[in-house]
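# Coordinates in review
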Amino acid sequence: MKLSTMIRRPTAKQLNKVTESRFGFKIDYDALTLPKAHAMRDKIYETVNSIRNSSAVHTAEKNPQYLEMLIVYEGLSRFIDASNKRNLTEGELGQAQAILAAKDMVDTVQDLIEKVGKMQNEQLPALIDSIRDQIGSQQADTFKGTVGTSLATLASALGQTRESLDNSTRGLTGEGTPDMATQPEMGAPGEDD
């Protein structure tokens, strides 16, 4: 059997079945680590390369041990390629999950901004009218001043926080770098606020 005559490129496990049926052994790819696979493949490459550069190259294709080494070499190469691809895919998945978590934070702050806006524009005026009717105008005006200022401060802080989170998230996705103008300024060491 020649590897070049196969229509589809066999996987490491398919090649392992060939070595088991033809040569009586197989590699436990489930227990094989990537560094060990690299070391085994490199050792086989050295041996195959030394045969190719010797006078034994003319009879090597008839030597079962040489053919066995070629099949094992291919199997290890396929295992390494698949492992590298899997690691890359897992890395991309982890990166996407981190970006989605960052975007979720932006969305959560946006929801808070909308809730505070509803409190300012819908709930507060109705509550002030109710306080005015049930308790008195002076208490309603005091409540309006205190709560209105607190909600305005909260809305402003949430807006700045959302903008900062959004800019940082865009930096993660490559859509832009974090805008330093939105970052809180840090005083020099020893400065009092």
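Because the structure is a prediction, the values reported are computed rather than measured. (Residues numbered from 1 in each chain as written. Predicted model: local features only at pLDDT ≥ 70, side-chain atom pairs only at ≥ 80, totals over all residues. Heavy atoms only, no water.)

### A word on the overall build of the protein
Tallying secondary structure elements over the protein gives four helices and zero strands in all. Classification of the 193 residues of the protein by burial places 23% in the buried group. Here the analysis covers contacts within the protein between residues at least 6 apart in sequence; of these, 63% occur between residues at least 24 apart. Entry remark: accessible area of the protein is about 13,800 Å², with carbon and sulfur atoms responsible for 53%. (Helix = DSSP H or I, 4+ residues; strand = E, 2+ residues; numbered from the N terminus. Buried < 20%, exposed > 50% of the residue type's maximum accessible area, 1.4 Å probe, protein only. Contact = heavy atoms within 4.5 Å. Areas by Shrake-Rupley, 256 points an atom, 1.4 Å probe, with all protein chains shown as cover.)

### Quick notes on the packing of aromatic side chains
Geometrically, a pair of aromatic rings is defined through the distance of the ring centres and the angle of the planes. Evaluation of the coordinates by the stated rule reveals one aromatic pair. Measuring from ring centre to ring centre gives 6.1 Å for Tyr 45 and Tyr 73, while their planes differ by 35°; the resulting arrangement is tilted. Separated by 28 residues along the polypeptide, Tyr 45 in helix 2 (residues 34-52) and Tyr 73 in helix 3 (residues 64-134) bring together distant segments of the chain. In this structure Tyr 73 comes out as partly exposed when scored by relative accessible area, which is 23%. (Phe/Tyr/Trp six-rings, centres within 6.5 Å; stacked < 30°, edge-to-face > 60°.)

### Examining the layout of surface pockets
There is about 160 Å³ of room inside the second largest pocket. Pro 10, Thr 11, Ala 12, Lys 13, Tyr 29, Asp 30, Arg 78, Phe 79, Ala 82, Ser 83 and Arg 86 are the residues that line the second largest pocket. Of all the elements in the fold, those that place two or more residues in the lining of the second largest pocket are helix 1 (12-23) and helix 3. Ranked by the residues each element gives to the lining of the second largest pocket, the list is headed by helix 3, at five residues. Grouping the constituent residues of the lining of the second largest pocket by class yields five nonpolar, two polar and four charged. (1 Å grid on protein atoms, 1.4 Å probe; cavity = no way out; pocket = protein on both sides within 12 Å on 5 of 7 lines; lining within 4 Å. Points joined across faces, edges and corners; volume = space filled by probe spheres on them. Nonpolar A, V, L, I, M, F, W, Y, C, P; charged D, E, K, R; others polar.)

### Thoughts on a negative patch on the surface
A contiguous patch of negative charge on the surface is contributed by Asp 104, Asp 107, Asp 111 and Glu 114. Topologically, Glu 114 is positioned in helix 3. (Patch = residues over 30% accessible without salt bridge, like charges linked within 9 Å, V, L, I, M, F, W, Y side chains within 5 Å. Salt bridge = Lys/Arg side-chain N within 4 Å of Asp/Glu carboxyl O. Lys, Arg positive; Asp, Glu negative; His and termini not counted. Charge placed at Lys NZ, Arg CZ, Asp CG, Glu CD.)

### Topic: the nonpolar core
Within the largest apolar cluster, 15 residues are counted, with the highest numbers of intra-cluster contacts made by Ile 27, Tyr 29, Leu 32, Ala 37, Ile 44, Leu 76 and Phe 79. Looking at this core, the elements that each hand over two or more residues are helix 2 and helix 3. When residues of this core are assigned to their parent elements, the largest contribution, six residues, is made by helix 3. Each residue touching Phe 79, except ones within four places of it in the same chain, is listed here: Ala 12, Tyr 29, Leu 32, Thr 33, Leu 34 and Ala 37. Counting residues in each nonpolar core, the second largest holds eight residues, with Ile 131, Ala 140, Leu 151 and Leu 158 among its members. (Core = buried A, V, L, I, M, F, W, Y, C linked by side-chain atoms within 4.5 Å.)

### Quick look at the confidence of the model for the protein
Should the pLDDT be low somewhere, the predicted coordinates at that spot are not to be read in detail. Model confidence for the protein is summarised by a mean pLDDT of 82, while 86% of its residues fall at 70 or above. When mean pLDDT is compared element by element in the protein, helix 4 (residues 137-173) scores highest at 94, while helix 1 scores lowest at 78. Low confidence marks residues 178-182, where pLDDT is under 50. Its contacts with residues over four positions away, or in another chain, come to eight contacts. Note on residues 184-193: pLDDT under 50 across the span, and zero contacts to partners over four residues away in sequence or across chains. (pLDDT = per-residue confidence, 0-100.)

### Things to note about empty space enclosed by the protein
Scanning the entire structure with this criterion turns up one cavity of 30 Å³ or more. Counted as a void, the largest cavity has a volume near 40 Å³. Lining of the largest cavity is provided by Leu 15, Asn 16, Thr 19, Ile 27, Tyr 29, Ile 71, Val 72 and Gly 75. Looking at the lining of the largest cavity, its residues break down into five nonpolar, three polar and no charged.

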